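So the chains spell out like this:
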Amino acid sequence: MKMIKGGVCAAKGFTANGIHCGIRKNRTKKDLSLIVSEVPASAAAVYTTNLVKGAPISVTKSNLSDGKAQAVIINSGNANTCNANGIEIATQMCRITAQKLGLCEKDIVVASTGVIGQPLNIEPIKNGLDELCAGLSSNGSNFAAEGIMTTDVIMKQVAVEFTVGGKVCRMGGIAKGSGMIHPNMATMLVFITTDVSISPAMLQKALSADIQNTFNMISIDGDTSTNDMVTVLANGMSENETIIEENEDFATFMKALNTVNVALCKMIAGDGEGATKLLECKVSGAKDLENAKKIAKSVICSSLTKAAMFGSDANWGRVLCAIGYSGASVDVSKIDVSFISEKGEVKVCENGAGVDFSEEKAKEILLEDEILINVTCRDGSARSTAWGCDLTYDYVKINGDYRT
């Protein structure tokens with residue numbers, strides 16, 4: 001498994017672009033992105049569990065009912081959610097995109113992100129499609145990644161190269177996500193492309209399984225978005241023997257997918273609204289996977305733990321508190337906790353009780369921008385990892401005037 005450049009254009013047969021079409025007032029911000037496969041592709045997706053769902057999700061679900069797609073159109077700046085004509089607008093986005101590309105409108109994935117409850121005007125999108133399509137390029141992943149950003153500070157993309165059945169294959173992804181992110185699939189927008197040949201059923205199986213240990217283990221602020229989805233397009237242009245069952249090739253594909261997803265998870269968590277630090281909680285020695293996940297999620301979701309990390313305060317009691325109300329079956333008297341960063345490691349809790357440690361050394365460790373909270377349970381052998389960020393003053397500032 002080799003990390004490479006190229007994002008969603010790393011795989012054979014994929015082009016992308018992103019432009020400013022006029023949805024967003026700031027002309028320096030791209031607000032419309034397009035990803036296109038040269039040939040029809042197997043497609044799979046997972047969606048938000050919020051009962052309030054953006055219109056693009058309903059349209060995309062319908063379009064992917066046959067497990068096929070060839071292009072993805074995404075706008076930022078407006079979520080197209082809670083609008084009376086939302087379905088009509090999302091459908092129109094598919095239709096006009098398909099017409100420009102010479103495709104069937106049912107082969108288009110549509111997504112939107114931004115402010116909820118404001119009407120989305122189709123005209124800027126319609127007027128921008130000529131420029132968007134004309135600029136499609138195998139070097140266009142950067143532009144597409146920029147076009148889906150809202151409160152994101154950093155662009156998020158990744159790609160890997162691997163071998164399936166003797167054929168060199170590639171997989172890449174772009175993502176957006178900074179706020180309104182909390183476990184319950186899906187929590188952000190993620191678009192993944194690959195040239196692996198895999199059946200739609202096996203592609204969906206791979207995605208649905210992997211998100212349980214990746215995107216479902218992120219939390220920024222406890223809010224589950226209305227619009228978010230993760231989609232994968234696999235166009236088969238690497239010409240490997242089509243994966244139609246769980247075998248060695250499928251295991252390799254799963255490893256590649258997990259590598260891409262974990263990388264994007266860390267980027268999303270580290271770019272939480274107002275965040276200054278990426279937090280990672282690793283749990284080991286839990287009774288089973290379910291309990292390990294509950295513990296890791298609870299620690300990452302704890303506002304008090306997040307605030308302590310912002311202040312570089314080794315307040316390990318916040319971690320124990322979060323474990324205690326997590327609902328996990330755990331013997332608290334066996335728990336060890338350590339804080340780890342590039343500056344070293346400090347154990348702050350052993351067998352559920354505090355231990356002597358240097359506050360100065362702990363402060364030095366926690367001043368770094370990537371912090372690992374290591375929890376050892378000694379109840380079993382299960383492990384899990386969750387990702388999040390610190391809670392800062394700027395989170396409130398960003399969301400206090402997000403709409404206006």
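As shown above, the structure is provided for reference.
Residues numbered from 1 in each chain as written. Predicted model: local features only at pLDDT ≥ 70, side-chain atom pairs only at ≥ 80, totals over all residues. Heavy atoms only, no water.

Trainee: So what exactly am I meant to see when it comes to the environment of Gly135 here?
Mentor: Relative to the helices and strands, Gly135 is located in the loop between α3 (122-134) and α4 (141-147). Sequence spacing of Gly135 and Leu120 is 15 residues, and the spatial spacing of their C-alpha atoms is 24 Å. Setting aside anything within four residues of it in sequence, one finds Gly135 in contact with Ala16 and Asn17. (Helix = DSSP H or I, 4+ residues; strand = E, 2+ residues; numbered from the N terminus. Contact = heavy atoms within 4.5 Å.)

Trainee: Help me understand the packing of helix α7 (residues 289-301) against helix α9 (residues 316-324), please; the structure alone is not making it clear to me.
Mentor: Axis angle and axis distance: for two packed helices, these are the angle between their axes and the distance between the axes, and together they describe the pair. Close contact between α7 and α9 brings their axes to 8 Å; oriented N to C, the two are set at 130°. Compared by their axis directions, α7 and α9 come out oblique. For the pair α7 and α9, the crossing hand works out as right-handed. Residues Ile295, Ser298 and Val299 of α7 form the contact with α9, whose own contacting residues are Val319, Ala322 and Ile323. The residue makeup of the contact of α7 with α9, split by class, is 5 nonpolar, 1 polar and no charged. (Axes fitted to C-alpha atoms, helices over the stretch in contact; angles between N-to-C directions. Parallel < 35°, antiparallel > 145°, perpendicular 65-115°, else oblique. Left-handed = near helix turned anticlockwise from the far one by under 90°. Nonpolar A, V, L, I, M, F, W, Y, C, P; charged D, E, K, R; others polar.)

Trainee: Mind showing me how you'd approach the sheet that holds strand β14 (residues 370-376) here?
Mentor: Spatial strand order, β13-β12-β11-β14-β10-β15: 6 strands in an open sheet with mixed pairing. Unpaired on one side and paired on the other, β13 (353-354) and β15 (382-389) mark the two borders of the sheet. By the bridge criterion, 7 bridges tie strand β10 (residues 278-286) to β15 in an arrangement that is antiparallel. Looking at β15, one finds that Leu278 is bridged to Cys389. (Pairing = 2+ DSSP bridges.)

Trainee: Before we go on, may I ask you to explain the nonpolar core in this structure?
Mentor: Considering soluble globular proteins, one finds that nonpolar side chains tend to be buried as a cluster. Formed by 71 residues in total, the largest nonpolar core has its most connected members in Phe215, Val337, Phe339 and Val375. A total of 10 residues in this core trace back to one element, the largest contributor, which is helix α6 (residues 248-270). Within the second largest apolar cluster, 25 residues are counted, among which are Ile74, Ala144, Ile148 and Ile174. (Core = buried A, V, L, I, M, F, W, Y, C linked by side-chain atoms within 4.5 Å. Buried < 20%, exposed > 50% of the residue type's maximum accessible area, 1.4 Å probe, protein only.)

Trainee: Please clarify how the pairing of strand β12 (residues 344-350) should be interpreted in this entry.
Mentor: When a strand is regular, its side chains alternate between the sheet's two faces. Where strand β11 (residues 336-341) and β12 come together, 5 bridges link them in antiparallel fashion. When the bridges of β12 are listed, Phe339 appears paired with Val346. In this structure, the hairpin formed by β11 and β12 is closed by a connection of 2 residues. As paired strands, β12 and β13 are joined by 2 bridges and run antiparallel to one another. Pairing of Cys349 across the sheet is with Gly354, part of β13. The hairpin turn running from β12 into β13, its antiparallel successor, is 2 residues long, and Asn351 in that turn takes a positive phi close to 55°.

Trainee: Before we go on, may I ask you to explain the pairing of strand β9 (residues 229-234) in this structure?
Mentor: For β9, the buried fraction is high: 6 of the 6 residues fall into the buried class. The two faces of β9 match: Met229, Thr231 and Leu233 on one face and Val230, Val232 and Ala234 on the other face are all buried. Sheet analysis places strand β8 (residues 189-194) next to β9, joined by 6 bridges and oriented parallel. The residue bridging Phe191 from the neighbouring strand is Thr231, located in β9.

Trainee: Please explain the side chain of Glu161 as it appears in this structure.
Mentor: Among the secondary structure elements, Glu161 is positioned in strand β6 (residues 156-164). Note on Glu161: relative accessible area 18%, which makes it buried. There is a polar contact of 2.9 Å between the side chain of Glu161 and the side chain of Arg170. (Polar contact = N/O pair within 3.5 Å; in protein donor to acceptor, adjacent residues only side chain to side chain.)

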